[in-house]
Amino acid sequence: MTDSKYFTTTKKGEIFELKAELNSDKKEKKKEAVKKVIASMTVGKDVSALFPDVVNCMQTDNLELKKLVYLYLMNYAKSQPDMAIMAVNTFVKDCEDPNPLIRALAVRTMGCIRVDKITEYLCEPLRKCLKDEDPYVRKTAAVCVAKLHDINAQLVEDQGFLDTLKDLISDSNPMVVANAVAALSEIAESHPSSNLLDLNPQSINKLLTALNECTEWGQIFILDCLANYTPKDDREAQSICERVTPRLSHANSAVVLSAVKVLMKFMEMLSKDLDYYGTLLKKLAPPLVTLLSAEPELQYVALRNINLIVQKRPEILKHEMKVFFVKYNDPIYVKLEKLDIMIRLASQANIAQVLAELKEYATEVDVDFVRKAVRAIGRCAIKVEQSAERCVSTLLDLIQTKVNYVVQEAIVVIKDIFRKYPNKYESVIATLCENLDSLDEPEARAAMIWIVGEYAERIDNADELLESFLEGFHDESTQVQLQLLTAIVKLFLKKPTETQELVQQVLSLATQDSDNPDLRDRGYIYWRLLSTDPVAAKEVVLAEKPLISEETDLIEPTLLDELICYIGTLASVYHKPPSAFVEGGRGVVHKSLPPRTASSESTESPETAPAGAPPGEQPDVIPAQGDLLGDLLNLDLGPPVSGPPLATSSVQMGAVDLLGGGLDSLMGDEPEGIGGTNFVAPPAVAVAANLGAPIGSGLSDLFDLTSGVGTLSGSYVAPKAVWLPAMKAKGLEISGTFTRQVGSISMDLQLTNKALQVMTDFAIQFNRNSFGLAPAAPLQVHAPLSPNQTVEISLPLNTVGSVMKMEPLNNLQVAVKNNIDVFYFSTLYPLHILFVEDGKMDRQMFLATWKDIPNENETQFQIRDCPLNAEAVSSKLQSSNIFTIAKRNVEGQDMLYQSLKLTNGIWVLAELRIQPGNPNFTLSLKCRAPEVSQHVYQAYETILKN
Amino acid sequence: MIHSLFLINSSGDIFLEKHWKSVVSRSVCDYFFEAQERATEAENVPPVIPTPHHYLLSVYRHKIFFVAVIQTEVPPLFVIEFLHRVVDTFQDYFGVCSEPVIKDNVVVVYEVLEEMLDNGFPLATESNILKELIKPPTILRTVVNTITGSTNVGDQLPTGQLSVVPWRRTGVKYTNNEAYFDVIEEIDAIIDKSGSTITAEIQGVIDACVKLTGMPDLTLSFMNPRLLDDVSFHPCVRFKRWESERILSFIPPDGNFRLLSYHVSAQNLVAIPVYVKHNISFRDSSSLGRFEITVGPKQTMGKTIEGVIVTSQMPKGVLNMSLTPSQGTHTFDPVTKMLSWDIGKINPQKLPSLKGTMSLQAGASKPDENPTINLQFKIQQLAISGLKVNRLDMYGEKYKPFKGIKYMTKAGKFQVRT
């Protein structure tokens, strides 16, 4: 009597027989037939031909039969939309049924039928069900809104279902709240811009109340939703944390991890001096450890997240090293993750234990795991200096086992140890040399050759060793060939007498017999170096090398902070921001940790953001000192950041001719600039020059002095805006603005290094643009930019570059290069930087030109809310090179006639109508090139309103 | 949320598919098969597999892969937890979870899956509620259904679904009211060559079987609650009460459930009840190796160790073993190289041992790796952490229930390195 009977077929043809049974009069037979149909469906057989017959069975009192038919409908309605209409009536009727189970079932099933025609009929029943007296129906209806939104988003918005759904967040039943949150979150995901989950302290409170009472799955939805909220201060953050903490003891690991996410994020706002902060840290460890005793699949996800947590707050798990020890029957994916975390947690205190474990792992069966374990020993040596010696001796023990892949891996990591601690462990070289013959992997061979070359003076038979490699030079991989070339050159420089022949041989092999351009070029470089100036060659080749950094595999801090906001999601498993892999690249909103609020107890004042700074707007996490400086400057100037004319977009544009144009050539020029003439005008000099230059009337001069506190000259300077966020440029953040002072335009840049490594070799290049803007000097960053350092640079510009009309007109595409990569961004420059000083037109000339320009070139604009009088307007504009030529008073209105000239010689004439007492001005612009009018108007707005 | 579910057996056949949104073609599983091929063993298939348009999250249990398909950013733990819940539910419904059983009950399986998720959102995952909605098949019910034409689908809204205690249905009645609690502790440990403990931790659970009439409100207190500093509770436990008084206060679900699980990791609290003396040696020159292990009791608090089974994966180079046990039976599979020795009880006066020789591949060098010994055992009437229940009280109902508590210690992942 099992269901397997439904799979048996008869000779007559299954479909035919089923059809007959479905139309049988006997209820029991019908039901059995539907079950057979469902069974076929589950294994992927196509039974859609039976659609009308199955739908006929729908009108029944038997709930099981009804459910089965519904199951069938959901699967096949899409392929038979016309037939599906037949079912609508029954659905609508069932939505009115006295039994809430049936009402819910009907509305639930209807939502799953992805046929447009049906969705129209769905709206009315859905509206009723959303307000149903029974919470079970309401919670089902909430999910149904999400389904409907997936099918027809417009319909959902038009019908106002989103608002109803938002109301359900305040429902009395926690299950309804949870489902409403889940539905809203899903809808919000496909519409990142819509502000659906508008969280405020009241709604947060409701969510927190519902959190305690709803199902485990509901708790996950609510916690994930809470994580998107930014508390207004540290008190609110603390009170939310307190109410979320009990979730850490939940049996469902997903609830635990979501709670961890909320806590990790809000902790950012708490002061480290708070007792509560310490308590919270202590509470986080046990649940994370418990996650590791769950099923391996759960462990894997937990470990990937713990990897992030350990990087962000190593103190949480620093005493829990042992739980990450590998059991031999863990799945390989768990083993590798555990190993990674072990290295991150390794410290002087536990290194002995860790090493003993790693040595144990190196004798396991799985080759990948063994290799990683050996590598881990090397990483420990580099990370924990005190342990280096032990690590080296452990590695030597492993080399003695003579297991081929262990030996090779060990040699690769010993090379790294040498690079970290030069001239310390060369006593082991003899042992390494013994294993020379067994090395067959390129990486290991290259590592060994590097060691021989680097320590050639201490290895008696270095020449013989290297010579032995040289025999099969052409069969080696490029990596080994390059290394061999360098090693022999090093050897030659150290022992020139005996090795002349050898170096000749390798140079000719590399330059004449190889078709690999890298190898050939390196060969030529060495050759020329050696032949022109052996002393210089020695200085170059045997120069002291920088030590390798402690940990090379840490995640960049900005990315790490973003990922912390994504704990428990796929992003945390892949350690990539969702924008990097989410399907279709729907404009994913970047999440960021909240800035620590300036609380009175806080001692870390340099780290705290100024009170009132908009939280969550900036892509960076805790503003570094450089930002603070920028912020302070902004405060001087007026309202913070985001000035309208400097709207930036970091659009990734194609590499256009920016690269071709030769950042490389720029690079070549750079060394000359270093230490040479200094193009960057120091601000003090500029001020002096400005004061000396007679511009305009004395009145406006005075005006300049009073207004120009932070600006340096009369021309209005917008506050710096972030042009290139660190996230898009591997840690380099660029913000900037444009200025015009005494006839010269410059681009004021602020470069901040938010990466872990030092940045050098900066260069900048503009794409062709509407007004031919181009850098007048190379970008000069005098010292390498170390992590977390900020540098301010003023880059002089000229307008003699090549011209290409851009859309919009004032768009400027910029490429910036450093030692890491080339980055592109584009920005809009305010047009007034192009207004030249000799833009004052003669009166007669003005009249003539005004008449001359056809009327269709005249454009009118409104400047609103500008409470200045004509005098002030005139002087303010004049400081930005918009000159008032005449002033008339017509019927109580002040008419200002003004002119300005752009760098490319285009004249723009303006008539500004000001009515005393009315803050709205009317601006009429006339110009032979009317496309600039819009931007001139924007310049007017910007100048007048700042 | 969760789009679809595919059940795949170990030979790579998709034997069941269920879609909660639009239908996802089963060809998406090809990516899974690729990963499966790459992983040498079924256990090593990575649980998260990206494909160009979907993500495949899988769990492997009872030799079946449960593969969930998701399209958007969904918490992977949520999906994996849910999949495990599906497996638990199947087991609960059908006793075992295997391909033939699922095929035999395909309609019930389908109905249950439909109840568990709606549009990919979890709907009813509590076994209590599910069983009210869809009754589990029993032979008796199948017979009755066939005769009377009634169904196995409940037509009433499950009462617990929306109450403040969603885990318990109302109107429960029993003639014998009883509440049993099992304290089960598993020791996970790694012991090194010399016999010293590298890591040891206790994973404990309290499983309950409560059959009480009405709405009983129970409190359970411990002699030494301080042991429990890392705990996960069933949703029924009142967290506040635990925080302030260290007392478990709860309205229990009806039937079997896990009241709490806990974790004791402080090294000094974890007693190791057995020791293994081993001498496994390979010699370079000879093709014979020596093998000898002895198992003995250590800190057992006077209790007997039962059900002892020793297993060990021998190195590939071992061709065969010729061993004599002092008690119990042993087997060695020359193909998988798995040695298994079923000892039974340990008699402290006469320690069980297994001695003999291993024949190695002639001429080959001695194996690189040393075998790890896996131990299983049970100790009745003992919670190795020392956890003791003080008393169990019932409020809210008038009758006197029958109460019982049982302790047991087992080996979890107990490994001895050689």
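Heads up: the structure comes first, above all this text.
Now for a quick tour of the structure. (Residues numbered from 1 in each chain as written. Chains lettered and ligands numbered in written order. Predicted model: local features only at pLDDT ≥ 70, side-chain atom pairs only at ≥ 80, totals over all residues. Heavy atoms only, no water.)

**A few points about the overall build of chain A**
When its secondary structure is counted, chain A shows 39 helices and 14 strands. Buried positions account for 56% of the 946 residues belonging to chain A. The long-range fraction of contacts in chain A, counting pairs at least 24 apart against all pairs at least 6 apart in sequence, stands at 67%. Surface accessibility of chain A: about 39300 Å² in total, with carbon and sulfur atoms responsible for 51%. (Helix = DSSP H or I, 4+ residues; strand = E, 2+ residues; numbered from the N terminus. Buried < 20%, exposed > 50% of the residue type's maximum accessible area, 1.4 Å probe, protein only. Contact = heavy atoms within 4.5 Å. Areas by Shrake-Rupley, 256 points an atom, 1.4 Å probe, with all protein chains shown as cover.)

**Thoughts on the environment of Pro52 of chain B**
With respect to the element layout, Pro52 of chain B can be found in the loop between β3 (48-50) and β4 (55-61). Along the primary structure Pro52 of chain B and Tyr31 of chain B are separated by 21 residues, whereas in three dimensions their C-alpha atoms are 9.6 Å apart.

**With respect to empty space enclosed by the protein**
This model, assessed by the stated rule, comprises 8 cavities of 30 Å³ or more. Counted as a void, the second largest cavity has a volume near 70 Å³. Taken together, Lys67, Tyr70, Leu71, Met74, Leu105, Arg108 and Thr109 of chain A together with Glu111, Glu114, Glu115 and Ile134 of chain B make up the lining of the second largest cavity. Elements represented by at least two residues in the lining of the second largest cavity include exactly α4 (63-76) and α6 (100-112) of chain A together with α4 (106-116) of chain B. At 4 residues, the largest contribution of residues to the lining of the second largest cavity is made by α4 of chain A. Taken together, the residues that form the lining of the second largest cavity break down as 5 nonpolar, 1 polar and 5 charged. (1 Å grid on protein atoms, 1.4 Å probe; cavity = no way out; pocket = protein on both sides within 12 Å on 5 of 7 lines; lining within 4 Å. Points joined across faces, edges and corners; volume = space filled by probe spheres on them. Nonpolar A, V, L, I, M, F, W, Y, C, P; charged D, E, K, R; others polar.)

**Details of the pattern of salt bridges**
Applying the stated criterion to the full structure yields 58 salt bridges over all chains. Notably, a salt bridge pairs Arg344 of chain A with Asp340 of chain A, separated by 3.7 Å at the nearest N-O pair. Here the residue Arg344 of chain A and the residue Asp340 of chain A both occupy positions in helix α18 (residues 332-345), the gap between them amounting to 4 residues, near one helical turn. Within the structure, one salt-bridge network assembled from shared partners comprises Lys67, Arg108 and Lys147 of chain A together with Lys18, Glu114, Glu115 and Asp118 of chain B. (Salt bridge = Lys/Arg side-chain N within 4 Å of Asp/Glu carboxyl O.)

**A closer look at the interface of chain A and chain B**
Contacts between the two partners involve 95 residues from chain A and, on the opposite side, 96 residues from chain B. When chain A packs against chain B, the two sides together hide about 8200 Å² of surface, and 58% of this comes from carbon and sulfur. If you sort the residues of chain A by the area they bury against chain B, Trp217, Tyr328 and Leu570 of chain A come out on top, with a joint share of 9%. Taken together, the links from chain A to chain B amount to 10 salt bridges. Across the pair Glu114 of chain B and Arg108 of chain A runs a salt bridge, and its minimum N-O distance is 3.4 Å. Applying the counting criterion to the chain A and chain B interface returns 21 residue pairs in polar contact (both at pLDDT 80 or more). (Buried area = accessible area lost by both parts, 1.4 Å probe. Polar contact = N/O pair within 3.5 Å; in protein donor to acceptor, adjacent residues only side chain to side chain.)

In short, geometric facts, not functional conclusions.
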